[in-house]
Amino acid sequence: MSQNRPRISLIVGSTRPVRIGRQLTDATAAVFADTVDADIQVLDLAEINLPLLDEPLMASMNQYSQEHTVAWAKQISESDAVVFVTPQYNAGYPAALKNAIDYLYAEWKGRPAAIISYGAHGGGAAAKQLREVLEFIGLDLVPGHGAFTIERTDYTPAWGLVDADAVVARYLPEVQKIAGELMQKIAADEDEQAA
Ligand SMILES: Cc1cc2nc3c(=O)[nH]c(=O)nc-3n(C[C@H](O)[C@H](O)[C@H](O)COP(=O)(O)O)c2cc1C
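Keep in mind it's a predicted model, so treat the numbers as computed, not measured.

So what's going on with the environment of leucine 161? Which residues, and what values?
Inspection of the secondary structure assignment puts leucine 161 in the loop between strand E6 (146-149) and helix H6 (164-169). With a relative accessible area of 4%, leucine 161 lands in the buried category. Put simply, leucine 161 and glutamine 23 are 138 residues apart on the chain and 7.2 Å apart in space, counted from C-alpha to C-alpha.

In structure tokens, the structure reads:
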């Protein structure tokens, strides 16, 4: 899993053709890159384009039959930590994100992780649901979390963000805290493996 330089992957949880998730994740990734000495990558579920779960066996049986599953598993295995950036849809998180989570099992277990939610009121209901699922699987969630409130004035008329960096800058301490906590967990895992 680990390289010389740790890798933190930020997962874009929304896949709509018109969305703010990618802009927000890119802006968050830029703060991570400025905060910690790690390789920061964005994993965009819209680009990864997983079909609805089509593996015959449960992920926990660890016998993947589809190339897209193997490729997705590799991307997560090669990440020392993951950050789920999720919008709130009807008091939950997107189906595409749940689908991507359900594809894998061992790759998630024990992996340092964090949740950043967003919505008209910070997306707390989505984060709560997601936390329950990630804890059930056994990811190692950091205490810090992000909850970005997106104001109507943050949107362009075409429903993009006017300035994603400015939105994320409103939550700079929270984002920096998450980045720092993930690095601590990665270091602790490396110490444990070396012992
Ligand atoms: C299906 C759907 C349901 C939504 N439900 C909520 C909601 O429960 N709470 C909320 O604050 N915003 C809700 N919104 C508004 C989203 O926060 C807003 O559209 C945001 O831009 C979604 O992220 P995305 O653009 O990355 O998909 C909803 C949007 C969609 C598309």
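Any chance you could break down the site of the ligand for me, citing the residues and the numbers?
In the vicinity of the ligand there are 15 residues, among which Ser14, Arg16, Tyr89, Tyr118 and Tyr155 approach most closely. Within the side chain of tyrosine 118, a nitrogen or oxygen atom sits 2.6 Å from an oxygen atom of the ligand. Note that an oxygen atom of the ligand is positioned 2.7 Å from one of the side-chain N or O atoms of tyrosine 155. Calculation on the ligand without its partners gives an accessible area of 610 Å², and the protein chains cover 73% of this total. Residues that form the shell around the ligand fall into these classes: seven nonpolar, six polar and two charged.

Outline a nonpolar patch on the surface, listing residues and values.
Together, Leu57, Met58 and Met61 line one region of the surface with nonpolar side chains, adding up to about 300 Å² of accessible area. Within the element layout of this structure, methionine 58 appears in the loop between helix H2 (45-48) and helix H3 (67-77).

Which residues make up the UniProt feature "domain: NADPH-dependent FMN reductase-like" (unreviewed entry) in the protein chain, and what values go with them?
UniProt tags residues 7-144 as "domain: NADPH-dependent FMN reductase-like" (unreviewed entry). In residues 7-144, the share of helix is 38% and the share of strand is 21%. The end C-alpha atoms are 19 Å apart.

A description of the nonpolar core should follow, citing residues and the corresponding values.
Core analysis: the biggest nonpolar cluster contains 31 residues, and Ile8, Leu24, Phe32, Val83, Phe148 and Leu182 have the highest contact counts within it. If you list the elements that add at least two residues to this core, you get strand E1 (7-12), helix H1 (21-35), strand E3 (81-87), strand E4 (112-119), H6 and helix H7 (172-194). Among the elements that make up this core, the one with the highest residue count is H7 (six residues). Non-local contacts of phenylalanine 148, meaning those with residues more than four positions away in its chain, are made with Leu24, Thr28, Ile116, Ser117, Tyr118, Gly119, Gly122, Val168, Tyr171 and Val175. In terms of nonpolar packing, the next biggest core, distinct from the first, is built from 26 residues, Leu50, Trp72, Val82 and Leu104 among them.

If you had to explain the environment of leucine 53 to someone new, which residues and values would you point to?
Take leucine 53: it is sitting in the loop between H2 and H3. Contacts of leucine 53, omitting those with residues within four sequence positions, involve Asn99, Asp102 and Tyr103.

Parameters and conventions
Residues numbered from 1 in each chain as written. Predicted model: local features only at pLDDT ≥ 70, side-chain atom pairs only at ≥ 80, totals over all residues. Heavy atoms only, no water. Helix = DSSP H or I, 4+ residues; strand = E, 2+ residues; numbered from the N terminus. Buried < 20%, exposed > 50% of the residue type's maximum accessible area, 1.4 Å probe, protein only. Near = heavy atom within 4 Å. Polar contact = N/O pair within 3.5 Å; in protein donor to acceptor, adjacent residues only side chain to side chain. Areas by Shrake-Rupley, 256 points an atom, 1.4 Å probe, with all protein chains shown as cover. Nonpolar A, V, L, I, M, F, W, Y, C, P; charged D, E, K, R; others polar. Patch = residues over 30% accessible without salt bridge, like charges linked within 9 Å, V, L, I, M, F, W, Y side chains within 5 Å. Salt bridge = Lys/Arg side-chain N within 4 Å of Asp/Glu carboxyl O. UniProt positions renumbered as here; feature names shortened; annotations may be inferred. Core = buried A, V, L, I, M, F, W, Y, C linked by side-chain atoms within 4.5 Å. Contact = heavy atoms within 4.5 Å.

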